Amino acid sequence: KKRGIKKKLVNIYEKLGDADPSQADKYYYQGGILAEQVISSSSALNLYRKVLEVDKNHIDARQKLIKIYEQEKQWNRAAENTKVLIELDPKNHDLHLYLSDLYLKMKDRKNAAASARTAEKLKPGSAAICLQLARIYEAGKDYDNAVTYYEKSIKYYNKDDRVYNDLGLLLEKQGKVKTAI
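On a predicted model such as this, the values are computed, not experimentally measured, just so you know. (Residues numbered from 1 in each chain as written. Predicted model: local features only at pLDDT ≥ 70, side-chain atom pairs only at ≥ 80, totals over all residues. Heavy atoms only, no water.)

(A) Region of interest: the packing of helix H2 (residues 24-38) against helix H4 (residues 59-71). With their axes 11 Å apart at the nearest point, H2 and H4 run at an angle of 25° to one another. Judged on the interaxial angle alone, H4 and H2 are roughly parallel. Judged by the twist between their axes, the crossing of H2 over H4 is left-handed. For the pair H2 and H4, contact is made by Tyr29, Ile33 and Glu36 and by Asp60, Ala61, Lys64, Lys67 and Ile68, respectively. Of the residues that constitute the contact of H2 with H4, the class distribution is 4 nonpolar, no polar and 4 charged. (Axes fitted to C-alpha atoms, helices over the stretch in contact; angles between N-to-C directions. Helix = DSSP H or I, 4+ residues; strand = E, 2+ residues; numbered from the N terminus. Parallel < 35°, antiparallel > 145°, perpendicular 65-115°, else oblique. Left-handed = near helix turned anticlockwise from the far one by under 90°. Contact = heavy atoms within 4.5 Å. Nonpolar A, V, L, I, M, F, W, Y, C, P; charged D, E, K, R; others polar.)

(B) Representation of helix H3 (residues 41-54) within the structure. When the terminal C-alpha atoms of H3 are compared, their 20 Å separation across 14 residues agrees well with the 20 Å that a helix rising 1.5 Å per residue should span. When we look at burial in H3, the residues that qualify are Ala44, Leu45, Leu47, Tyr48, Val51 and Leu52. Those residues of H3 hidden inside the fold are in contact with helix H1 (2-19), H2 and H4. (Expected span 1.5 Å × (residues − 1). Buried < 20%, exposed > 50% of the residue type's maximum accessible area, 1.4 Å probe, protein only.)

(C) Main features of unusual backbone geometry. Even without being a glycine, Lys73 presents a positive backbone phi close to 60°. Structurally, Lys73 is set in the loop between H4 and helix H5 (75-88). Judged by relative accessible area, which is 59%, Lys73 ranks as exposed. Even without glycine at this site, Lys107 takes up a positive phi of about 65°.

(D) Geometry of a nonpolar patch on the surface. Where nonpolar side chains cluster on the molecular surface, the patch consists of Leu9, Ile12 and Leu16 and spans about 220 Å² of accessible area. Mapped onto the elements, Leu9 comes out in helix H1. (Patch = residues over 30% accessible without salt bridge, like charges linked within 9 Å, V, L, I, M, F, W, Y side chains within 5 Å. Areas by Shrake-Rupley, 256 points an atom, 1.4 Å probe, with all protein chains shown as cover. Salt bridge = Lys/Arg side-chain N within 4 Å of Asp/Glu carboxyl O.)

(E) Molecular detail of the pattern of salt bridges. Going through the model one piece at a time under the given rule, you end up with 7 salt bridges. The partner of Lys105 in a salt bridge is Glu70, with the nearest N and O atoms 2.6 Å apart. On the criterion of sequence distance, the pair formed by Lys105 in helix H6 (residues 93-105) and Glu70 in helix H4 is long-range, its members being 35 residues apart. Taking relative accessible area as the criterion, Lys105 reaches 30% and is therefore assigned partly exposed. One salt bridge in this structure joins Lys83 and Glu80, with 3.1 Å as the shortest N-O distance. Residue Lys83 and its partner Glu80 are both found in helix H5; the two are separated by 3 residues, about one turn of the helix.

(F) Main features of the packing of aromatic side chains. Taken as a whole and assessed by the stated rule, the structure comprises 2 aromatic pairs. When the centroid spacing of 5.9 Å and the interplanar angle of 50° are considered together, the rings of Tyr29 and Tyr48 count as tilted. With a gap of 19 residues between them, Tyr29 in helix H2 and Tyr48 in helix H3 connect regions that are remote in the sequence. Judged by relative accessible area, Tyr29 falls into the buried class, the value being 13%. Tyr48 sits in the buried class, given a relative accessible area of 0%. (Phe/Tyr/Trp six-rings, centres within 6.5 Å; stacked < 30°, edge-to-face > 60°.)

See the structure below:
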């Protein structure tokens, strides 16, 4: 019964947005949040898109859109919307790192590396960024650079056993078993 009421409420929010252009972005956004919970991600997507038609710089709606695209493994759409956020906040290293991860999921190592290097320039000394670069280089079989970035990642944050493990496995691949131990 509550679900049915919430579905009706989503429709009301959409109608209010259509009727009141001055508040449309707020109504569509609230409807999108509710639609995610009770209807479907595609209904929510439609409402978030409507928000962005009214206000293309609505960061929260754009982030919700990206989250849904990522859940649906629509990496290209998630990347395109992340690029819009980067245009709004070009010095945000987290956005560049996130874009790098999306490119890696699309098997686009060149752009993944470029985005990660941009993140690294914006925040030198980040273990997470170094780890991302290590994984990108390893995926491209550039093991020397991968080792360098795994080591940098450990230098900046040495509490993650998985990084030591990944570095050890990579050194083993290179035949450097003694170094790995």
